Amino acid sequence: AEPAPLQPLSALELPLPVSAAVILDDIELSGSLQARLGPLKARYAYGPAADHGRLGPHDLADVQQVHTLRIETLHVAGGRYRAQAAMGAQAPMPLRLDVQAEVDTSVPGGESLALRGKAQLGGTLSGAGAVLDLSAHLQPAQERPASPTLAATARIRPWAQQPLDEADVRLRRLDLASLWPGAPSTALGGTVITRPDGEAWRVQADLQNLAAGPADR
């Protein structure tokens, strides 16, 4: 049987203010998605919206409480990440997420290279018409010939039957192993463009791996 469609949120409220800190040295994911992450240092809070100004382009006139999450440190494969997220607890549930990344990789010939990345997700989560816009960029701290880069944008409708409304991804010599534990070493380049086509997607992909090899290496 097909899984039941997700029901849109209208609010995500807690009965009391909350503040919690998390510090973990090591995180192990098991099952089909096996990976070791960490260390992780983060803080979560739930409190009055009056402590916040705006969430991106959205004011908080109809919001009384806000969820916030600050990740001060998270290590994943060759990357070190920081993030700040805030979401209104009441409709329209405005959301903003900002991520900063530093990724260690290498260029052809084995020379090490530091990449800097930023990602931003913003929009609203309340109701069937909720829309989130995503943008992400990854580029070298100091430009070099044939350096890896990534530029991506996407529009997401989280409660729709096809949540990914559209996406545009452009890669150059990207090594997946530097982004996720256990991923193969690659030098992926090209473009992937998706657009809705009725109840399905139309995908245009032109990708080339300049470091082709076994998928488990």
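Rules used throughout
- Residues numbered from 1 in each chain as written.
- Predicted model: local features only at pLDDT ≥ 70, side-chain atom pairs only at ≥ 80, totals over all residues.
- Heavy atoms only, no water.
- Helix = DSSP H or I, 4+ residues; strand = E, 2+ residues; numbered from the N terminus.
- Buried < 20%, exposed > 50% of the residue type's maximum accessible area, 1.4 Å probe, protein only.
- Areas by Shrake-Rupley, 256 points an atom, 1.4 Å probe, with all protein chains shown as cover.
- Pairing = 2+ DSSP bridges.
- Polar contact = N/O pair within 3.5 Å; in protein donor to acceptor, adjacent residues only side chain to side chain.
- Contact = heavy atoms within 4.5 Å.
- Salt bridge = Lys/Arg side-chain N within 4 Å of Asp/Glu carboxyl O.

(A) Expanded view of the overall build of the protein chain. Counting secondary structure elements, the protein chain contains 0 helices and 14 strands. Listing every helix and strand of the protein chain by position from the N terminus yields β-β-β-β-β-β-β-β-β-β-β-β-β-β. Expressed as a percentage of the 217 residues in the protein chain, the buried residues total 31%. Split by element, the accessible area of the protein chain, about 13100 Å² in all, is 54% carbon and sulfur.

(B) Expanded view of the pairing of strand S12 (residues 164-174). With 8 bridges joining them, strand S11 (residues 149-156) and S12 adopt antiparallel strand pairing. For Ile156, the partnering residue across the bridge sits in S12 and is Leu164. With 6 bridges joining them, S12 and strand S13 (residues 188-197) adopt antiparallel strand pairing. Each bridged residue has a counterpart across the sheet, and for Asp168 the counterpart in S13 is Ile193.

(C) Summary view of the side chain of Thr186. With respect to the helices, strands and loops of the structure, Thr186 is situated in the loop between S12 and S13. Engagement of the side chain of Thr186 in a polar contact is seen with the backbone oxygen of Leu174, the distance being 2.7 Å. When near neighbours in sequence (up to four residues on either side) are disregarded, Thr186 contacts Leu174, Asp175, Leu176, Asn209 and Ala211.

(D) Highlighting the pattern of salt bridges. The final tally for this structure, using the stated rule, is 8 salt bridges. For Lys41, the salt bridge goes to Glu72, with nearest N and O atoms at 3.7 Å. Of this pair, Lys41 sits in strand S3 (residues 35-48) while Glu72 is found in strand S6 (residues 65-76), placing the two residues 31 residues apart along the sequence. Residue classification places Glu72 among the partly exposed residues on the basis of a relative accessible area of 36%. Asp197 serves as the salt-bridge partner of Arg202, at 3.3 Å between the closest nitrogen and oxygen. Here Asp197 falls in the partly exposed class, since its relative accessible area comes to 39%. The structure contains a network of salt bridges with shared partners spanning Arg80, Glu102 and Asp104.

(E) Focus on the environment of Gln162. Examined against the element boundaries, Gln162 turns out to sit in the loop between S11 and S12. Here the alpha-carbon distance between Gln162 and Pro196, two residues 34 residues apart in the chain, equals 8.3 Å.

(F) Structural detail: the environment of Ala42. Locating Ala42 in the fold gives a position in strand S3. Along the primary structure Ala42 and Leu69 are separated by 27 residues, whereas in three dimensions their C-alpha atoms are 7.2 Å apart. Residues contacting Ala42, with those up to four places away along its chain left out, are Ala20, Ala21, Val22, Leu69, Arg70, Ile71 and Glu72.

By themselves these figures say nothing about function.
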